[in-house]
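Breakdown of the fold
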Amino acid sequence: MHFEQSAILTVQNHVITRNPRISMSHDKHTTWSLHIENVQEEDKGRYMCQINTVAAKTQFGYLNVVVPPNIDDALSSSDVIVREGASVNLTCRASGKPPPTIKWRRDGGAQLSRSKNLQEWEGEVMELPKISRLDMGAYLCIANNSVQPAVSKKIMVSVDFPPQLVIPHQLVGAPVGSSVTLECVTEAHPASLNYWASERGDMIHDNGAKYKIETQVGPPKYKTHMKLHIREIADRDFGIYKCISKNPRGETEGTIRLYDPLRELGGKNSNNDNQSGSGTSSSKGSKHSPTNTNEIPTYGTKTKNRDNKMSQVAATGSGCPSVEVSVTLFILLTTIICHIHDWS
């Protein structure tokens, strides 16, 4: 009989209880055995075997029923979506005999979160404060009470945030006739709509000839690598290009300037030549050009200006005086003589 329930199960070879899982066997000698199939939790407790002799003899046995863990989905968290920077609590409720322990892990073995430098967390509730896109992914709730099998539940945590762009090179130089690749890297969740546009805002389409657009997603899955291949660059291709990313949380755009390095280098040289001609600056190692016809040439350059040559001779103090100097001295001497004559 079941002692706690005061229920007689069998008498001799006859099964009294209406429980179909109960049966009895006898070895036709001195041993009777009680059999319980598909043991349930309610079967636990003390069982009494009694022999009705002149002095009744009894023997007790205890049946301890252990129950493997079971996670209650109704009381546990399901997949969640949260804004980046917010906090979220994940809950996992489980039953079993003995009561199971609950442990949390990231699917793949990553750290639980930036704020929890742990590979594992124990407890029914796990808090993820100030959640980041780096915390996005699957979390495993594992219930175990040493009764096989252990059970687990996967909870997906999605972190939403507006698109953000990273541009490796905002200034790209390529000569006419060459090909070039412009790149943008965007991060967004949910997945963003990404495209290229001209400076005027016109969308650029992949036509297979002039433009080829390449998009590579992940890893991680919220990152997208955008590439715009431009073939056989012409003058009209130089200018500003935009990479644009949009999702329900917002939108952003980045700009890349494509220029001709040979043309810009030539422009700089022209500017340097003009500056040297004005006398304001000159490039290192270049010859100096006179700013006017009266300037004395230097650095051993030759000049055909006769007046400058005569001025240079007068300035150095060598050679014969110039005609202008002789005439001037003659007039001055004549004037002095006339004044002396008048005084006398």
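Residues numbered from 1 in each chain as written. Predicted model: local features only at pLDDT ≥ 70, side-chain atom pairs only at ≥ 80, totals over all residues. Heavy atoms only, no water.

Some details on a nonpolar patch on the surface
Together, Ile-8, Val-11 and Ile-16 give the surface a local cluster of nonpolar side chains, amounting to about 270 Å² of exposed area. Along the polypeptide, Ile-8 turns up in the segment before β1 (10-11). (Patch = residues over 30% accessible without salt bridge, like charges linked within 9 Å, V, L, I, M, F, W, Y side chains within 5 Å. Areas by Shrake-Rupley, 256 points an atom, 1.4 Å probe, with all protein chains shown as cover. Salt bridge = Lys/Arg side-chain N within 4 Å of Asp/Glu carboxyl O. Helix = DSSP H or I, 4+ residues; strand = E, 2+ residues; numbered from the N terminus.)

Comments concerning the state of the cysteines
On inspection of all chains with the given rule, the structure shows two disulfides. One disulfide in the model links Cys-92 with Cys-141; its S-S distance is 1.6 Å. The S-S bond linking Cys-92 to Cys-141 shows a torsion near -60°; that makes this disulfide left-handed. Of this pair, Cys-92 sits in the loop between β9 (88-91) and β10 (94-97) while Cys-141 sits in strand β14 (residues 137-144), and the two are 49 residues apart along the sequence. Cys-141 carries the same exposure label as Cys-92, and that label is buried. The partner cysteine of Cys-184 in its disulfide is Cys-243, sulfur to sulfur 2.0 Å. Here Cys-184 and Cys-243 share a disulfide; its torsion about the S-S bond, -65°, makes the bridge left-handed. Separated by 59 residues along the polypeptide, Cys-184 in strand β17 (residues 180-189) and Cys-243 in strand β21 (residues 239-247) bring together distant segments of the chain. The exposure class assigned to Cys-243 is buried, which follows from its relative accessible area of 0%. By sequence order of its bonded cysteines, the protein chain has the disulfide arrangement 1-2, 3-4. (Disulfide = S-S within 2.5 Å. Buried < 20%, exposed > 50% of the residue type's maximum accessible area, 1.4 Å probe, protein only.)

Some thoughts on the sheet that holds strand β16 (residues 171-173)
Strand order in the open sheet formed by four strands is β16-β22-β21-β18, with mixed pairing between adjacent strands. Looking at which strands have only one partner, the edges of the open sheet turn out to be β16 and β18 (193-198). For this sheet the average axis-to-axis angle between neighbouring strands, irrespective of direction, equals 25°. (Pairing = 2+ DSSP bridges. Axes fitted to C-alpha atoms, helices over the stretch in contact; angles between N-to-C directions.)

Remarks on the environment of Asn-89
Considering the arrangement of structural elements, one finds Asn-89 in strand β9. If we ignore the near neighbours within four places in the chain, the residues touching Asn-89 are Ser-77, Val-125, Met-126 and Glu-127. (Contact = heavy atoms within 4.5 Å.)

Considerations on the nonpolar core
The biggest cluster of nonpolar side chains holds 20 residues, and the ones touching the most others in it are Leu-90, Trp-104, Met-126, Leu-128, Ile-131 and Tyr-139. Mapped by element, the contributors of at least two residues to this core are β9, β11 (101-106), β13 (125-128), β14 and β15 (151-166). Ranked by residue count, the leading element in this core is β15, at four residues. Once residues within four sequence positions are removed from consideration, Met-126 is found in contact with Val-88, Asn-89, Leu-90, Trp-104, Leu-112, Trp-121 and Tyr-139. Core analysis: the next-biggest nonpolar cluster, separate from the first, contains 18 residues, Ile-167, Tyr-241, Cys-243 and Ile-256 among them. (Core = buried A, V, L, I, M, F, W, Y, C linked by side-chain atoms within 4.5 Å.)

A short note on the pattern of salt bridges
Tallied over the full model, the rule gives 16 salt bridges. The closest approach of N and O atoms between Arg-200 and Asp-202, which form a salt bridge, is 3.1 Å. On the accessibility criterion, Arg-200 (75% relative accessible area) is exposed. Among the salt bridges present, the one from Asp-237 reaches Lys-210, with a minimum N-O distance of 2.6 Å. One end of the pair, Asp-237, is in the loop between β20 (223-230) and β21; the other, Lys-210, is in the loop between β18 and β19 (211-217), with 27 residues separating them in the sequence.

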